[in-house]
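# Fold and contact review
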Amino acid sequence: MPGFADRDRGRDRGYGGPPRFGGGGGGGGGGNRGGPSGKFGNPGERLRKKHWNLDELPKFQKNFYQEHPDVTHRSPQEIEQYRRSKEVTVKGRDCPKPMIKFNEASFPSYVMDMIVKQNFTDPTPIQSQGWPVALSGKDMVGIAQTGSGKTLAYLLPAIVHIQHQPFLEHGDGPICLVLAPTRELAQQVQQVAAEYGRASRLKSTCIYGGAPKGPQIRDLERGVEICIATPGRLIDFLECNKTNLRRCTYLVLDEADRMLDMGFEPQIRKIVDQIRPDRQTLMWSATWPKEVRQLAEDFLKDYVQINIGALQLSANHNILQIVDVCNDMEKEDKLIRLLEEIMSEKENKTIIFVETKRRCDELTRRMRRDGWPAMGIHGDKSQQERDWVLNEFRYGKAPILIATDVASRGLGGVFVAGTRHDSPRPREGEGGHIGSAPLACHPVGLERCGGCEICHQL
């Protein structure tokens, strides 16, 4: 594998002159290119679809994988046995063999030092199979539950990819772009990117709505190799020419199913139009409905699909699920009795999911009035308040959290007993939901059952 010398970022070189990576003057379009987009307009309506001429674009390298001798010497039977034991299935041409040990990935020493420091023993299944595919420069789809280690599955190959690209120069946008559905998930990914990026001398930033634009713009103007963004805020900056995607050659769509659920498909398509078509694209999803399949067909070329577990999510047998069908008049009393049982053990935490923001506020006020240590979170609360509430919940200062789906998949690693106070909405591609609320799941381990809305939220 090629050497990985530390990079002197050299951000102050190359002022002025035309863009080196095609695409002409930034992402905006139409008149008043530097001004803000209309508040009530269609997001991204001033972004013009770029017409790329691959013959004129600078070539870039994306295949860095050299199979470790230990991987080469494993027989097809051993590989099949490993995949079967870890419930790994692959589709696509020329899929590399999985790597079973960290040293088989041949990551640079400073990345391996971070892995050793965090006391990881072996790669997770999605990492074992995903790293060889990503390092080979192939497009891929990874279908795995939240908490499966997918963040490192795409970030560590991203670091290798970036180290093989030309240095950023003044005015260049990010080389790696990670699109995430929520600010909470984006912030989680940013924490990991910052931790590993420091060791690699790479800079990253997190771009999301609900926070001041100034610090985010300054990060982009100074130059970052890795940008983690929610679609709305990124489109805002692209329209205002605060950044561009001319240098982007490594694109990650994290929790693609969730982004489609939240209505981000038009924004995602506008963003992808700004990225050169010979990029490497990695799409990650917990489910595989037809909308996500269509997105993969549109954005990925000759991709490898990796699935961990069953394509159709089913109930996790390590989790006790209790479904109580009742009418609205009974819900309050049943919820209180359930909470008394759950909270009798001091270390327990409880999340109560409700359908609407109004219901969240009403239930939070009522429970606090009755002496329960409850806090609420939903999309109308400020980013600062949401962060504070989540931290209070994570560290047990407020062990009852009442939430709309704003907390969706943003609470990884939190041991909870959950209850849904309103009827769950069925979603295509997930396990079936049954009955009316309340519905309670009592996790035996830090796993997602996959068969109910609550654990989908976690």
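An unreviewed UniProt entry lists the protein under the name RNA helicase, with Oryzias latipes as the source organism. UniProt lists a comment for the protein under the heading Catalytic activity (unreviewed entry), and it reads "ATP + H2O = ADP + phosphate + H(+)". UniProt annotates the protein under Sequence similarities (unreviewed entry) with the comment "Belongs to the DEAD box helicase family."

In this section: the overall build of the protein. Across its full length, the protein holds 15 helices and 14 strands. Burial status across the protein gives 56% buried among its 458 residues. Accessible area of the protein: about 20200 Å², with a carbon and sulfur share of 49%.

So, on to the sheet that holds strand β8 (residues 304–308). In space, the eight strands of this open sheet follow the order β1-β8-β2-β7-β6-β3-β5-β4, with mixed pairing throughout. A single partner strand is all that each edge strand has here, and the edge strands are β1 (88–91) and β4 (204–207). On average, each strand axis in the sheet is inclined to that of its neighbour by 15°, with strand direction left out of account. Pairing of β1 with β8, which is carried by four bridges, proceeds in the antiparallel orientation. Bridge pairing in β8 links V90 to I306. Across the sheet, helix α4 (residues 125–135) lies against β1, β2 (140–143), β6 (250–253), β7 (280–285) and β8, angled at about 170° from β8, the strand it touches most. Across the face of the sheet, helix α6 (residues 183–200) comes into contact with β3 (176–179), β4 and β5 (226–229) while running at roughly 175° to β4.

Moving on: the UniProt feature "domain: DEAD-box RNA helicase Q" (unreviewed entry) in the protein. Under the UniProt annotation, "domain: DEAD-box RNA helicase Q" (unreviewed entry) lies at residues 100–128. The annotated region residues 100–128 carries 45% helix and 0% strand content, and the separation between its end C-alpha atoms amounts to 6 Å.

With that settled, the discussion passes to α6. For α6, which comprises 18 residues, the first-to-last C-alpha distance of 25 Å matches the rise-based estimate of 26 Å (1.5 Å per residue) to within 8%. Along α6, the positions that sit buried rather than exposed are R183, E184, L185, A186, Q187, V189, Q190, A193, Y196, G197 and S200. In this fold, the buried residues of α6 make contact with α3 (109–117), α5 (150–163), β3, β4, β5 and α14 (383–394). Directly beyond the C-terminal end of α6, a positive phi value near 60° is found at R201.

This next bit is on the nonpolar core. Nonpolar side chains in soluble globular proteins tend to end up buried together. In terms of nonpolar packing, the biggest core is built from 52 residues, with F107, Y154 and L156 touching the most fellow members. Those residues in contact with L156, other than ones at most four positions away along the chain, are F107, V111, I115, W131 and Y196. V224, A229, L238 and M259 belong to the second-largest nonpolar core, a separate cluster that totals 35 residues.

The contact between α6 and α14 brings their axes to 12 Å, and the two run at 70°. On the basis of their axis angle, the class for α6 and α14 is roughly perpendicular. Our pair here, α6 against α14, has a crossing hand that is right-handed. Taking contact as the criterion, the partners of R183, E184, Q187 and Q188 in α6 are, on α14, Q383, R386, D387, L390 and R394. For the contact of α6 with α14, a count of residues per class yields one nonpolar, three polar and five charged.

This paragraph deals with the environment of S128. Mapped onto the secondary structure, S128 falls in helix α4. On a C-alpha basis, the gap between S128 and V88 in space is 9.7 Å, while along the polypeptide they are 40 residues apart.

Attention shifts here to the side chain of H68. Along the chain, the position of H68 falls in the segment before α1 (69–72). Ignoring any residue separated from it by four or fewer positions in sequence, one finds H68 in contact with N103, E104 and S106.

Once that is clear, we can look at the pattern of salt bridges. Enumeration according to the criterion identifies 19 salt bridges in this entry. Taking the shortest distance from any N to any O, the salt bridge between R74 and E104 comes out at 2.5 Å. A residue pair is termed long-range when its members are at least 10 positions apart, and R74 in the loop between α1 and α2 (76–85) and E104 in the loop between β1 and α3 qualify at 30 residues. Grouping residues by exposure puts R74 and E104 together as buried. Between D254 and K150 there is a salt bridge, with its nearest N and O atoms 2.7 Å apart. One end of the pair, D254, is in the loop between β6 and α9 (256–261); the other, K150, is in helix α5, and 104 residues separate them in sequence. No difference in accessibility class separates D254 from K150, as the two residues are buried.

What counts, and where the lines are drawn
- Residues numbered from 1 in each chain as written.
- Predicted model: local features only at pLDDT ≥ 70, side-chain atom pairs only at ≥ 80, totals over all residues.
- Heavy atoms only, no water.
- UniProt positions renumbered as here; feature names shortened; annotations may be inferred.
- Helix = DSSP H or I, 4+ residues; strand = E, 2+ residues; numbered from the N terminus.
- Buried < 20%, exposed > 50% of the residue type's maximum accessible area, 1.4 Å probe, protein only.
- Areas by Shrake-Rupley, 256 points an atom, 1.4 Å probe, with all protein chains shown as cover.
- Pairing = 2+ DSSP bridges.
- Axes fitted to C-alpha atoms, helices over the stretch in contact; angles between N-to-C directions.
- Contact = heavy atoms within 4.5 Å.
- Expected span 1.5 Å × (residues − 1).
- Core = buried A, V, L, I, M, F, W, Y, C linked by side-chain atoms within 4.5 Å.
- Parallel < 35°, antiparallel > 145°, perpendicular 65-115°, else oblique.
- Left-handed = near helix turned anticlockwise from the far one by under 90°.
- Nonpolar A, V, L, I, M, F, W, Y, C, P; charged D, E, K, R; others polar.
- Salt bridge = Lys/Arg side-chain N within 4 Å of Asp/Glu carboxyl O.

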